[in-house]
Each structure stands twice: as structure tokens, then as C-alpha cells.
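# Structural overview for review
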Amino acid sequence: MLLHASRTARIRPGAAPTPLSLRDLSELTRSVAEQVRTGAHEVVLDPHQRWYRRLHADPFVDVWLISWATEQATELHDHAGSLGALTVVSGELQEHRWVPGERALRTRRLRGGRGATFALGHVHDVVNSEPGHAVSVHAYSPPLTAMSYYAVDAAGDLRRTRTALTTGGTA
Ligand SMILES: [Fe+2]
């Protein structure tokens, strides 16, 4: 029930390395976010670190539920070879997205019900800057296996600082 997107996806030769599109992932996170709103999934709030739980995994996609206390953030990162999407269930998140053509970070606010998609190469930091907690649902296809982290150096260029396997967590 959680995931019928992967069963109905059409293969598009030459497209991204997954049969799921950004729209599929966006619809999936909206659907699961609605489940979360109705209480179908337990949400844990941890004031000390970002809390997350994988709700679903199959060969095509994994889905994560994340809660964010104030000031909890991800750091600038990509999603390796995965496409992704998120929908905010409650609260508000800020996404700081690296725009290569501008060599700058662009910020957008994502309130409850709003979302974002991540094409290949998308580099962003996500943070809860609000006084209340936030909850969001994220999906990645192919399932997330690694993330690289970045910093903006003194010259204003994006520099990769490390790469980590995502064996137990997501962003
Ligand atoms: Fe991310």
C-alpha cells in the first residue's frame, strides 16, 4: 500500500538510473505524509539529534520519516546517484540549495504540505530554523547508498569534504 509507485512505474530508456521520476517520488512522499498526519506512523522527537526511521525499502525506492528539533540540520550534501523528494508533514523547514550558475546558496521555506524534489547533482542543506519541531517524509530512488558533504570555500566555490555510506540514516 505504501508504495505502489514502484509497481506501476514505466521504464524510460536513457532517463535517470531509476524507473521512478521526480514526480513519482513527490507523489509518494505526499501520500506517506498524509499517512503520518493521520497517525499511521509513530514520530519520535529527539532534542539531541535528528531522528529518522526508514518506513519502506525495496529495490526501487526507500522512504524515510524524519523529525527535526529547532536548529537541527543536515549539512550541505548530495544524494550520490539517487533522485529524491521530500514533503513536510508539519512545522517548517528551510532548504539552502546550491545553485551552480550563481555560485550561491538559494533558500526556500517549506511549510507543512509543501515539498521539494532533488535531481541528480542536487546539493542542499535542510534545517529547522523555527521554534517548533518539524516532521518530513523523504524518498530516494534508487535507494540512497551514499552522500557526499560539501562546504563553500573562501573563494565561494563548492568543495566536497567527505563521502559517507548511508547504512543507517538519511538527509
Ligand atoms: Fe538531502
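Helices and strands together make up the secondary structure of the chain, namely two helices and ten strands. Counted from the first residue to the last, the chain has its helices and strands arranged as α-α-β-β-β-β-β-β-β-β-β-β. Buried positions account for 32% of the 171 residues belonging to the chain. Sequence separation of 24 or more characterises 71% of the internal contacts of the chain that already satisfy a separation of 6 or more.

L25, V63, A85, V137 and A139 are the most contacted members of the largest nonpolar core, which totals 26 residues. Looking at this core, the elements with two or more residues in it are α2 (22-37), β2 (62-68), β3 (83-90), β6 (115-118) and β8 (134-141). Not counting residues within four places of it along the chain, the set of residues in contact with A85 comprises L22, L25, S26, T29, G115, A116, T117, F118 and A139.

What counts as what
Residues numbered from 1 in each chain as written. Predicted model: local features only at pLDDT ≥ 70, side-chain atom pairs only at ≥ 80, totals over all residues. Helix = DSSP H or I, 4+ residues; strand = E, 2+ residues; numbered from the N terminus. Buried ≥ 20, exposed ≤ 12 C-beta atoms within 10 Å, placed from the backbone. Contact = placed C-beta atoms within 7 Å. Core = buried A, V, L, I, M, F, W, Y, C linked by C-beta atoms within 7 Å.

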